[in-house]
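Structural overview for review
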Amino acid sequence: MKIVSRNEELLRDALSRIPQSSSRTSLSSCNKLIRFEDISAAAFKIHCGVQKTPCMYSRLSKQYGMDIYLKKEFLQHTGSVKERGVLYLLTSLPQDQQRKGVIVASDSNFSMAVAYHASELRIPVFVIMSTSTPPARVKMCREYGAMVISYGTTAKDSQTHARRLAQENGYLYLEEEDSAVYLSGLGTVGLEVYEQVPKLDAVVFPAGGHCGLLAGSAAALKHLNPHISVIGVESESFPVLQQSLKAGHPIEDQACSNHHFYGDVSGLCFGSNSLQLTGRLVDKVVAVREEDILVSILRLLEYERATVDAEGAIGLAAVVAGKLPELKGKRVAVVICSGNLELHLLRQCIARALTLDNRVCRFSLVLPDCPGDISKLLEILAREETRVLDIKQERTFVTSELFTVEVTCTVETRDKIHAAQLRNALLERYPTAAWMER
């Protein structure tokens, strides 16, 4: 992709102003030229309202052969980088609109940020959520100060209702788009990373359909130093950005997942502004598997004590999966942009990630149903320094010879090498042992 390095070149929005119906006021109506000065102005205006999050050297650096600095945007009040764009957007609204109020219709990080910052600015804020929204999200939005209304069984139902309320009451209906104001606020991440990490070689961002963070930050970084590599990472299951770049326009019919785990990672490509900026300024876009994202969540939890969601972990997942070999020995910043993983999903993610990382293994074998045979198996497991998590015995439905017991064990190991050692030790003593693949 072509890199634009002239400092004074204007980064122009791709979309012209779209005529708006009376039932909906879009962020696109605020479009104007995006310049580096706009991002600087955004940084000045929002610096008291959002955290200047740390960008810290990570202990994962030695493990992956590069100097990794983690930009911890999940430490924002609502756990998301979206606060930067939302706060700049809300403070840029005319005073009469601030008095009337704003309305959003989703359970996304964007809506959470609107709920919090609108309340802080004393702007009336209404959030329309479908009845399928997780209760924790509803509770959080109410605690932020928003008036939350449950309506409809789908996101489309709640959006339709929100537009109708906006038309009837004069509220400003907000949805996440790539207006210049919103992108400028998100681009302040690039300014902070550049300031916090000297001699930076590359910055890795989450991408996917909502690539405003990637686009806005790329505009800032390439202005400051055109030699810094800017890399976007999206899900292999939903390569929305790569397909949109290839087609030259936002993909509208991309099949996306509605599962809460993916969040904005699987969202539709929402605008040509950020797509154009990405195509001109971003050096590389790579895709990672779901398994890589899960292991990345595990790494961040263990090494950084950071609980993040898929959107927050996907940047590091490219490093974990070995998708960026050119960064070996380089100084790399990875933006951890979101930490809003629901508790029931967190448990599932950790359990699955431990299995993928060869830290939890399962095997089964058939033993004579005699005293002492189970003890001998446990002695082998103890000698191999494994921790038994679960052991089950089946006698009734064993299809082998009579008076035998089928034993299924779930054990914890240190890593892949340790798991292989255990497997070899078991096969040496029990040649018919079956190792259950992950």
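As the structure is a computational prediction, the values presented were derived from the model and not from experiment. (Residues numbered from 1 in each chain as written. Predicted model: local features only at pLDDT ≥ 70, side-chain atom pairs only at ≥ 80, totals over all residues. Heavy atoms only, no water.)

**What to know about the overall build of the protein chain**
Looking only at helices and strands, the protein chain has 17 helices and 14 strands in total. Taking as baseline every contact in the protein chain between residues at least 6 positions apart, the subset at least 24 positions apart corresponds to 73%. Accessible area of the protein chain: about 20000 Å², with a carbon and sulfur share of 51%. (Helix = DSSP H or I, 4+ residues; strand = E, 2+ residues; numbered from the N terminus. Contact = heavy atoms within 4.5 Å. Areas by Shrake-Rupley, 256 points an atom, 1.4 Å probe, with all protein chains shown as cover.)

**So, the sheet that holds strand S13 (residues 404-412)**
Read from one edge of the open sheet, four strands run S12-S13-S11-S14, paired in antiparallel fashion. Of all strands in the sheet, those bounded by a partner on one side alone are strand S12 (387-394) and strand S14 (434-436). Mean inter-strand twist for the sheet, computed between neighbouring axes without regard to direction, equals 20 degrees. The pairing of S12 with S13 spans seven bridges and is classified as antiparallel. Looking across to S13, one finds that lysine 392 is bridged to threonine 408. Against the sheet, helix H16 (residues 373-383) touches strand S11 (360-368), S12 and S13, its axis set at about 150 degrees to S11. (Pairing = 2+ DSSP bridges. Axes fitted to C-alpha atoms, helices over the stretch in contact; angles between N-to-C directions.)

**What to know about the sheet that holds strand S8 (residues 229-235)**
Reading across from one edge, S1-S2-S10-S7-S8-S9 is the order of the six strands in this open sheet, with mixed pairing throughout. Strand pairing shows two members of the sheet lacking a second neighbour, strand S1 (55-57) and strand S9 (284-288), which therefore form its edges. Sheet twist, expressed as the mean angle between neighbouring strand axes with direction ignored, is 25 degrees. Both strand S2 (residues 67-72) and strand S10 (residues 331-336) contribute to a ladder of six bridges, which runs parallel. Paired with leucine 70 across the bridge in S10 is valine 334.

**Concerning unusual backbone geometry**
The phi dihedral of arginine 122 is positive, around 60 degrees, even though this residue is not glycine. Relative to the helices and strands, arginine 122 is located in the loop between helix H5 (109-120) and strand S4 (125-129). If you check the backbone angles, arginine 305 has positive phi at about 50 degrees while not being a glycine. Along the chain, arginine 305 turns up in the loop between helix H13 (290-304) and helix H14 (310-320).

**Re the environment of isoleucine 380**
Along the polypeptide, isoleucine 380 turns up in helix H16. Considering only alpha carbons, one finds isoleucine 380 and leucine 426, 46 residues apart in sequence, at a separation of 7.7 Å.

**A word on the packing of aromatic side chains**
Within the structure shown, the criterion is met by five aromatic pairs. Plain terms: the ring middles of tyrosine 57 and tyrosine 69 are 5.6 Å apart, the flat faces sit at 70 degrees to each other, and that makes the pair edge-to-face. Note that tyrosine 57 is positioned in strand S1 and tyrosine 69 in strand S2, a separation of 12 residues in sequence. Classification of tyrosine 69 as buried rests on a relative accessible area of 14%. Ring plane angle 10 degrees and centroid distance 6.0 Å describe the contact between phenylalanine 363 and tryptophan 435, whose orientation is recorded as stacked. Of the two residues, phenylalanine 363 is situated in strand S11 and tryptophan 435 in strand S14; the sequence distance between them amounts to 72 residues. One exposure class covers both phenylalanine 363 and tryptophan 435, and it is buried. (Phe/Tyr/Trp six-rings, centres within 6.5 Å; stacked < 30°, edge-to-face > 60°. Buried < 20%, exposed > 50% of the residue type's maximum accessible area, 1.4 Å probe, protein only.)

**Description of the pattern of salt bridges**
All told, the structure shown has 19 salt bridges when counted by the stated rule. The partner of glutamate 192 in a salt bridge is lysine 71, with the nearest N and O atoms 2.6 Å apart. Of the two residues, glutamate 192 is situated in helix H9 (residues 188-196) and lysine 71 in strand S2; the sequence distance between them amounts to 121 residues. Looking at glutamate 192, the relative accessible area reads 12%, which means it is buried. (Salt bridge = Lys/Arg side-chain N within 4 Å of Asp/Glu carboxyl O.)

**Let's talk about the side chain of histidine 161**
Its location among the elements puts histidine 161 in helix H7 (residues 155-169). According to the relative accessible area criterion, histidine 161 is buried, its value standing at 13%. Residues contacting histidine 161, with those up to four places away along its chain left out, are Ile128 and Tyr151.

**So, the nonpolar core**
In terms of nonpolar packing, the biggest core is built from 44 residues, with Phe261 and Ile293 touching the most fellow members. If you list the elements that add at least two residues to this core, you get S2, strand S7 (202-206), S8, S9, H13, H14, S10 and helix H15 (343-356). Looking at this core, the element that brings in the most residues is H14, giving eight residues. Counting residues in hydrophobic clusters, the runner-up holds 35 residues, among them Leu213, Leu221, Ile228 and Leu275. (Core = buried A, V, L, I, M, F, W, Y, C linked by side-chain atoms within 4.5 Å.)

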